[in-house]
Structure formats: C-alpha cells, structure tokens
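Here are the chains, one letter per residue:
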Amino acid sequence: MERFANWSELPAKKQEVLERKLFYGKEMMMVRNEVKPHGVLALHSHPHAQMTMVLAGACDVTMEGETFHLTTDGVVYFPPDVPHKVVNTGETTLILLDVFTPIREDFLP
C-alpha cells in the first residue's frame, strides 16, 4: 500500500448497504464506510480492535446488550471479539471512519 493517498482517488467497493474505501499499512487500517439510509451492518465480531468515528449522520450501535445512539463526531471502541451491530437511523447517508489493528485482511481486494 502507498504511504500517501487522497480518499477521492482510492477505489471504492460497493456492497448491498454500503460503499467502502480502504487505506492501510502493515499493522493498521483505516476504512471509510458510507452506509445507505436505514442500512444495517449486521451483528458481527472479529479478532481486530476497532475504533469508529461518525463523520456524518446518525446511527445506533449495539454492543454487549446495550444500544448507544451516535451522531456526527461520536466515537466508539469495539474490543476484539465483541459482537456489535450498526444501524443508520437517518434519512441520509451515514459516513463512518473505522480504524482497525491488525488490518482486516478479509477487506483486502
């Protein structure tokens, strides 16, 4: 991976409810997800530590039986192996910036 990039020039991977862009190095990965209105990122877990910041929009985050409502500038930490779910609660695109360590090899092209 390059050491410098511009988000607008990175390739996007489109999925059913989101569009994803990646920037990563050997030990760390940044992921920008654009989630469609009312889109759901189903309950899942992974062995990676994850921090997420809401860049735009609003969502409900469920983790360990609790649901938290986050809006622009809200942040959350997901410990490794803890199941979590994200629901876009708005009428607009939810934009999330995730940081993972180690990198999510399952996200690589």
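As the structure is a computational prediction, the values presented were derived from the model and not from experiment.

What counts as what
Residues numbered from 1 in each chain as written. Predicted model: local features only at pLDDT ≥ 70, side-chain atom pairs only at ≥ 80, totals over all residues. Heavy atoms only, no water. Core = buried A, V, L, I, M, F, W, Y, C linked by side-chain atoms within 4.5 Å. Buried < 20%, exposed > 50% of the residue type's maximum accessible area, 1.4 Å probe, protein only. Helix = DSSP H or I, 4+ residues; strand = E, 2+ residues; numbered from the N terminus. Contact = heavy atoms within 4.5 Å. Pairing = 2+ DSSP bridges. Axes fitted to C-alpha atoms, helices over the stretch in contact; angles between N-to-C directions.

With respect to the nonpolar core
Right, on to step 1. By size, the foremost hydrophobic cluster in this structure holds 14 residues, and its most contacted members are C59, V61, V86, L94 and L96.
Right, on to step 2. Contributions of two or more residues to this core are made by strand 6 (58-63), strand 8 (75-78) and strand 10 (94-101).
Right, on to step 3. Considering each element in turn, this core owes the most residues, three residues, to strand 6.
Right, on to step 4. When near neighbours in sequence (up to four residues on either side) are disregarded, L96 contacts V31, R32, N33, V35, L41, T52, M53, V54 and V86.
Right, on to step 5. Listed in part, the six residues of the second largest apolar core include M29, V31, I103 and F107.

Quick word on unusual backbone geometry
Right, on to step 1. Residues T101 and P102 are joined by a peptide bond in cis, for which omega reads -10 degrees.
Right, on to step 2. Relative to the assigned elements, P102 resides in the segment after strand 10.
Right, on to step 3. Of note, E64 is a non-glycine position whose phi angle comes to about 50 degrees, a positive value.
Right, on to step 4. Looking at where E64 falls in the secondary structure, it is placed in the loop between strand 6 and strand 7 (66-71).
Right, on to step 5. Residues other than glycine seldom take positive phi values, yet D73 does so here, at roughly 80 degrees.

Re the sheet that holds strand 7
Adjacent strands of a sheet pair through backbone hydrogen bonds, lying either parallel or antiparallel.
Right, on to step 1. Pairing within the open sheet is antiparallel, and its four strands lie in the order 4-9-6-7. Of all the strands in the sheet, just strand 4 (40-44) and strand 7 have a single pairing partner and so form its edges. The mean angle between the axes of side-by-side strands here comes to 20 degrees, regardless of whether they run parallel or antiparallel.
Right, on to step 2. As defined by bridge partners, strand 4 adjoins strand 9 (residues 84-88) across three bridges and the pair is classed as antiparallel. Across the sheet, residue V40 finds its bridge partner in strand 9, namely V87.

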